Amino acid sequence: MNLLDTITQLSHEFGTADFVKGGGGNTSAKTADTLWVKPSGTTLASLTPQTFVALDRAKLARLYDVAVPQDSHARETLVKDLMAAAVKPGSTGRPSVEAPLHDILAGVFVVHTHPALVNGLTCAKQGAAACARLFPDALWIPYIDPGFTLCMDVRRRLHGQKLVLLENHGIFVAGDTAEEIRATYRRVLTALRAEYAKAGIPTELTPGKIPAAPEPITPDHMVYTNHPKLGPVMAADSALTRQLAVAFGGIQLLDERSQKFIREWEVEAYRQKQVTT
Ligand SMILES: [Zn+2]
């Protein structure tokens with residue numbers, strides 16, 4: 001199977017509601033000079049080998065050396081333009097804002113998702129300690145604004161880890177084969193299920209506990225707050241995450257400053273407009 005067929009298959013496997021909601025999550029495949037990544041505003045489940053955006057990795061790498069403006073709006077605009085310039089001729093679509101993060105991870109394939117089972121840990125007060133105990137091979141990234149800032153932070157901390165847990169966000173798994181990706185996800189989910197079982201916490205949402213709107217626990221939960229279809233879906237997901245986080249010291253919401261960044265983020269406004277499912 002070629003790279004694009006394999007990443008399409010992985011995108012469908014990890015594009016179910018257990019792993020992502022709406023346009024959340026993204027996937028990629030790479031060779032030495034090309035990165036194929038999910039376009040922004042599409043869903044994993046809908047991807048075909050043709051929909052991936054092809055990026056020139058040498059051009060993308062300019063991002064890592066450029067002098068970035070302090071102002072977050074100017075910074076994201078510059079990054080967006082550099083990413084657009086890296087899109088290969090013949091390719092259409094806007095690359096996912098997390099494309100550079102895919103680029104820096106070692107592994108032919110990268111599958112990034114936001115499963116409630118994982119966010120029960122990443123959105124918990126003792127998430128970092130639990131991550132170190134359960135997944136010593138993982139890189140834990142304390143919460144930082146998504147987009148370029150996040151990418152550069154991961155780049156600084158990364159030392160070849162193929163499993164990255166992002167606080168109040170989700171999980172990145174890299175692997176050179178589809179089976180390596182699946183095995184890592186299996187290992188993570190099995191360990192977490194065991195923790196929830198030990199704490200006596202059901203992994204399905206206990207009925208009657210869904211808030212009117214999603215709680216601000218991850219960027220995606222904020223992005224889809226007012227979405228007619230996804231708002232209620234995210235509300236249920238935030239309720240399940242709150243339920244699971246009890247296993248690791250209880251839920252931790254995004255702080256006010258982080259929430260403000262998401263509310264003002266142009267990239268997310270674009271994504272909100274694109275996703276209609
Ligand atoms: Zn994400």
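A. How the structure looks around the overall build of the protein chain. For the protein chain, the helix and strand inventory stands at 12 helices and 7 strands. Since a compact globule built from 277 residues should have a radius of gyration of about 19 Å, the 18 Å found for the protein chain is in line with a globular shape. With respect to the principal axes defined by its C-alpha atoms, the protein chain has extents near 50 × 40 × 35 Å. Expressed as a percentage of the 277 residues in the protein chain, the buried residues total 45%. If you take every contact in the protein chain between residues at least 6 apart in sequence, the share linking residues at least 24 apart comes to 71%.

B. How the structure looks around the nonpolar core. Counting residues in hydrophobic clusters, the biggest one holds 61 residues, and the most contacted among them are L55, F109, F172 and V173. Split by domain, this core shows at least three residues from each of two domains, domain 1 (3-198) and domain 2 (219-274). Leaving out residues up to four positions away in the same chain, F172 has contacts with L101, L105, V110, H112 and V164. Counting residues in each nonpolar core, the second largest holds 7 residues, with V223, Y224, L230 and I262 among its members.

C. Structural context of the domain arrangement of the protein chain. Split by domain assignment, the protein chain resolves into domain 1 (3-198) and domain 2 (219-274). Its C-alpha centre places domain 1 at a distance of 18 Å from the equivalent point of domain 2. Facing 29 residues of domain 1, the contacting portion of domain 2 comprises 25 residues. At the level of elements, α3 (72-86), α5 (116-122), α6 (127-134) and α8 (178-198) are the ones that each hand at least two residues to the side of domain 1 that touches domain 2. Per-element accounting of the side of domain 1 that touches domain 2 gives the leading share, 5 residues, to α5. Looking at side-chain class alone, the side of domain 1 that touches domain 2 contains 10 nonpolar, 14 polar and 5 charged residues.

D. The sheet that holds strand β4 (residues 109-113), seen in detail. Reading across the sheet, the 7 strands line up as β3-β2-β1-β4-β7-β6-β5 and stay open at both edges, with mixed pairing between neighbours. Each edge of the open sheet is held by one strand with a lone partner, namely β3 (53-56) and β5 (139-141). Each adjacent strand pair in this sheet contributes to an overall mean axis angle of 15°, direction not counted. The strands that helix α1 (residues 3-13) touches are β1 (26-30), β2 (34-37) and β4; relative to β1, the one it contacts most, it runs at about 160°.

E. Focus on the pairing of β1. Burial within β1 is extensive, with 5 of its 5 residues counted as buried. Judged by which residues are buried, β1 turns out to be covered on both faces: N26, S28 and K30 on one side and T27 and A29 on the other are all buried. When β1 meets β4, the two strands line up antiparallel, connected through 4 bridges. Its bridge partner being in β4, S28 is matched across the sheet by V110. In the sheet, β1 pairs with β2 via 3 bridges, with the strands oriented antiparallel. By the bridge assignment, S28 is partnered in β2 with V37. The antiparallel pairing of β1 with β2 creates a hairpin that spans 3 residues between the two strands.

F. Region of interest: the pairing of strand β6 (residues 163-166). Alternating positions in β6 separate into two faces, L163 and L165 on one and V164 and L166 on the other, with burial throughout. The sheet contact formed by β5 and β6 spans 3 bridges and is parallel. Looking at β6, one finds that W140 is bridged to L165. With respect to chirality, the unit in which β5 leads through helix α7 (residues 148-157) into the neighbouring parallel β6 is right-handed. Summarising the sheet, β6 and strand β7 (residues 170-175) pair through 4 bridges and their orientation is antiparallel. From the neighbouring strand, L163 faces β7, where its bridge partner is V173. Joining the antiparallel neighbours β6 and β7 is a turn of 3 residues, in which N168 adopts a positive phi near 50°.

G. Fine view of unusual backbone geometry. Not every positive phi belongs to a glycine, and N168 is a case in point at roughly 50°. As for its placement among the helices and strands, N168 is situated in the loop between β6 and β7. Assessed through the 25 C-beta atoms surrounding it within 10 Å, N168 is described here as buried.

H. Expanded view of α7. Regarding α7, the residues found buried are F148, L150, C151 and V154. End-on, the buried residues of α7 take up no more than an arc of 160°, which puts them together on one face. Tucked inside the fold, the buried residues of α7 contact α3, α4 (99-104), β5 and β6.

The rules behind each value
- Residues numbered from 1 in each chain as written.
- Predicted model: local features only at pLDDT ≥ 70, side-chain atom pairs only at ≥ 80, totals over all residues.
- Helix = DSSP H or I, 4+ residues; strand = E, 2+ residues; numbered from the N terminus.
- Rg over C-alpha atoms; globule rule 2.2 N^0.38 Å.
- Buried ≥ 20, exposed ≤ 12 C-beta atoms within 10 Å, placed from the backbone.
- Contact = placed C-beta atoms within 7 Å.
- Core = buried A, V, L, I, M, F, W, Y, C linked by C-beta atoms within 7 Å.
- Domains from an automatic or database assignment.
- Nonpolar A, V, L, I, M, F, W, Y, C, P; charged D, E, K, R; others polar.
- Pairing = 2+ DSSP bridges.
- Axes fitted to C-alpha atoms, helices over the stretch in contact; angles between N-to-C directions.
- Right-handed = clockwise from strand over helix to strand, strands pointing away.
- Arc of directions from axis to C-beta.

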